[in-house]
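# Chain and residue survey
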Amino acid sequence: MSSLTLPPELQQIARDAAKVANRPAPPRTATILGLGHYLPTEIVPNGHIAERIGVDDHWIIKRTGIHSRRRAAANEGTNDLAVFAGRRALQDSGTDPRDLDFVIVATMSPDEITPNSAPRVAHALGADRAAAFDIGAACTGFLAGLAQAAAMIEVGRAQRILLIGAEKLTRITDFDDKKTGMLFGDGAGAVVLGPTESGTGIGPIDLSADGGLADTIVATPEDPFIRMDGISTFKIAIKRLSESTIFAVHAAGLELDDIDLFVYHQANSRILKAVGERLELDPAKVADYIAQLGNTSAASIPLTLSLSRADGRLRPGHKVLIAAIGAGFTWGAGVMEWSGS
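Residues numbered from 1 in each chain as written. Predicted model: local features only at pLDDT ≥ 70, side-chain atom pairs only at ≥ 80, totals over all residues. Heavy atoms only, no water.

For the rest of this paragraph, the subject is the environment of Pro27. Tracing the backbone through its elements, the reader meets Pro27 in the loop between helix 1 (8-21) and strand 1 (29-38). When the C-alpha positions of Pro27 and Ile153 are compared, they lie 9.4 Å apart, and in sequence the two are 126 residues distant. (Helix = DSSP H or I, 4+ residues; strand = E, 2+ residues; numbered from the N terminus.)

A separate point is the UniProt feature "domain: Beta-ketoacyl-[acyl-carrier-protein] synthase III N-terminal" (unreviewed entry) in the protein chain. Under the UniProt annotation, the feature "domain: Beta-ketoacyl-[acyl-carrier-protein] synthase III N-terminal" (unreviewed entry) is placed at residues 133-211. In the segment residues 133-211, helix accounts for 18% and strand for 38%; the C-alpha atoms at its two ends are 23 Å apart. (UniProt positions renumbered as here; feature names shortened; annotations may be inferred.)

A word on helix 10 (residues 300-310). With 9 of 11 residues buried, helix 10 is to be regarded as a mostly interior element. Among the residues trailing helix 10, Gly312 stands out with phi positive, at a value near 80°. (Buried < 20%, exposed > 50% of the residue type's maximum accessible area, 1.4 Å probe, protein only.)

This part covers the packing of aromatic side chains. Applying the stated rule across the entire model yields 3 aromatic pairs. Centroid distance Tyr38 to Phe84: 4.6 Å. Interplanar angle 55°. Geometry classified as tilted. Placement of Tyr38 in strand 1 and of Phe84 in helix 4 (residues 78-93) is noted, with a sequence separation of 46 residues between them. Accessibility expressed as a relative area gives 12% for Tyr38, which makes it buried. The interplanar angle of 80° and the centroid separation of 6.3 Å between the aromatic rings of Phe102 and Phe133 together place this pair among those described as edge-to-face. With Phe102 in strand 4 (residues 102-106) and Phe133 in strand 5 (residues 131-135), the pair connects residues that are 31 residues apart, well separated along the chain. A relative accessible area of 17% places Phe102 in the buried class. (Phe/Tyr/Trp six-rings, centres within 6.5 Å; stacked < 30°, edge-to-face > 60°.)

Before going further, it helps to spend a moment on the pattern of salt bridges. Side-chain pairs of opposite charge can arise whenever the charged atoms involved come near each other. Overall, the coordinates contain 12 salt bridges when judged by the stated rule. Of the charged contacts in the structure, one is a salt bridge between Arg98 and Asp96, with a shortest N-O distance of 2.8 Å. By relative accessible area, which is 49% here, Arg98 ends up partly exposed. On the basis of relative accessibility, which here comes to 26%, the residue Asp96 falls in the partly exposed class. Put simply, Glu243 and Arg240 hold a salt bridge, and the shortest N to O gap is 2.9 Å. (Salt bridge = Lys/Arg side-chain N within 4 Å of Asp/Glu carboxyl O.)

Our focus in this paragraph is a positive patch on the surface. Side chains of Lys62, Arg63, Lys178 and Arg270 sit close together on the surface and give a patch of like positive charge. Mapped onto the elements, Lys62 comes out in helix 3 (residues 57-64). (Patch = residues over 30% accessible without salt bridge, like charges linked within 9 Å, V, L, I, M, F, W, Y side chains within 5 Å. Areas by Shrake-Rupley, 256 points an atom, 1.4 Å probe, with all protein chains shown as cover. Lys, Arg positive; Asp, Glu negative; His and termini not counted. Charge placed at Lys NZ, Arg CZ, Asp CG, Glu CD.)

Below, the discussion takes up the packing of helix 2 (residues 46-53) against helix 3. It is the contact of helix 2 with helix 3, at a shortest axis distance of 8 Å, that shows an interaxial angle of 100°. Considered as vectors, helix 2 and helix 3 are oriented roughly perpendicular to each other. Here helix 2 contributes Asn46, Ala50 and Ile53 to the contact with helix 3, which in turn contributes Asp57, Trp59, Ile60 and Ile61. The class makeup of the residues in the contact of helix 2 with helix 3 is 5 nonpolar, 1 polar and 1 charged. (Axes fitted to C-alpha atoms, helices over the stretch in contact; angles between N-to-C directions. Parallel < 35°, antiparallel > 145°, perpendicular 65-115°, else oblique. Contact = heavy atoms within 4.5 Å. Nonpolar A, V, L, I, M, F, W, Y, C, P; charged D, E, K, R; others polar.)

Before going further, it helps to spend a moment on the nonpolar core. Nonpolar side chains in soluble globular proteins tend to end up buried together. One finds Leu241, Ile246, Leu256, Phe262, Tyr264, Leu279 and Leu321 to be the most contacted residues of the largest nonpolar core, which totals 51 residues. Put simply, the parts of the chain that give this core at least two residues each are helix 1, helix 2, helix 7 (230-251), strand 11 (261-264), helix 8 (269-279), strand 12 (319-326) and strand 13 (330-337). When residues of this core are assigned to their parent elements, the largest contribution, 9 residues, is made by helix 7. In this structure, Ile246 is in contact with Leu6, Leu10, Ile13, Ala14, Ala17, Leu256 and Leu279, ignoring residues within four places of it in sequence. Judged by nonpolar contacts, the second largest core, of 40 residues, contains Leu39, Ile104, Leu307 and Ile322. (Core = buried A, V, L, I, M, F, W, Y, C linked by side-chain atoms within 4.5 Å.)

Mapped onto this numbering, the UniProt entry annotates "active site" (unreviewed entry) at Cys139, His265 and Asn295. These annotated residues cover 157 residues of sequence, and their C-alpha atoms lie no more than 8.9 Å from one another, placing them together at a single site. Of note, His265 is situated in the loop between strand 11 and helix 8. Given a relative accessible area of 4%, His265 falls into the buried group. Apart from the residues lying within four places of it in its own chain, the contact partners of His265 are Cys139, Leu272, Asn295, Ser297, Ser300, Ile301, Ala323, Ala324 and Ile325. Assessed through its relative accessible area of 5%, Asn295 is described here as buried. In contact with Asn295, other than residues within four places in its own chain, are Ile66, Cys139, Leu169, Leu183, Phe184, Gly185, His265, Gln266 and Ala267.

And the structure:
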């Protein structure tokens, strides 16, 4: 779809984004040098959860697209998942952990209130020279981390950064809640970022937030389980993901038809379908791994990138749109050209 055939409410967004496309290029370009993911071995099908919330397997599949999800073992924490995924990304990129400048972990399910996950993960990986911090932007966390990591590399403040999205969401899921009990799973994905001489890599990343919608998805000290207004979340997600997609693509000087793979936060198959229909995307270009993973929050984008590469759907030279929306509300999107293997 070209900007001329967009719905009227999206045409202005495309025009605004074109101004970003004309900004001066950064001093250098950041790219993903390595990629890895980790999934716990236990597979939890819908059956037991469906019985607890008083529905059947078909009811869950129809509303979410989820058939099963992964669950971490009792002795396996968010930090462990992050370490496993991070180690694979380091190996894939050929990076010595001692050469990392930063380790960033995006998560909404840390093992502890304090310290953050990142320092423990960095230590476990042997990245003792790296600075380490967490990002808490819920399902948008990996994208927010990617924006920060890319910016630091672009201006020369870092040479190598390990960015991980990791979640043990089954720990904060109420499996008796009909609105959320079937949604969430555990897992981690990671990327190593560095500069590239080719000039192609991570392009503009658009991030936004609206705290006025914060009560739509919450977890509190008094009630630590995730609570969600599903209908409102569904409507907001379609609107904001569509808008961010248009902005990011046009900010990169591209049209929707130029994108080879759309990697959205894997929250709900119905959301992916609705966004695809609104923007008239080719369904074959929209990655959907929700059926076997469920919603893995900050882990879902790097997980989907890694799984898409393994499936042969992500190949060198591909232009990729990545986008997410999460509690806060936070949302955003960006475009990159995949230069990895």
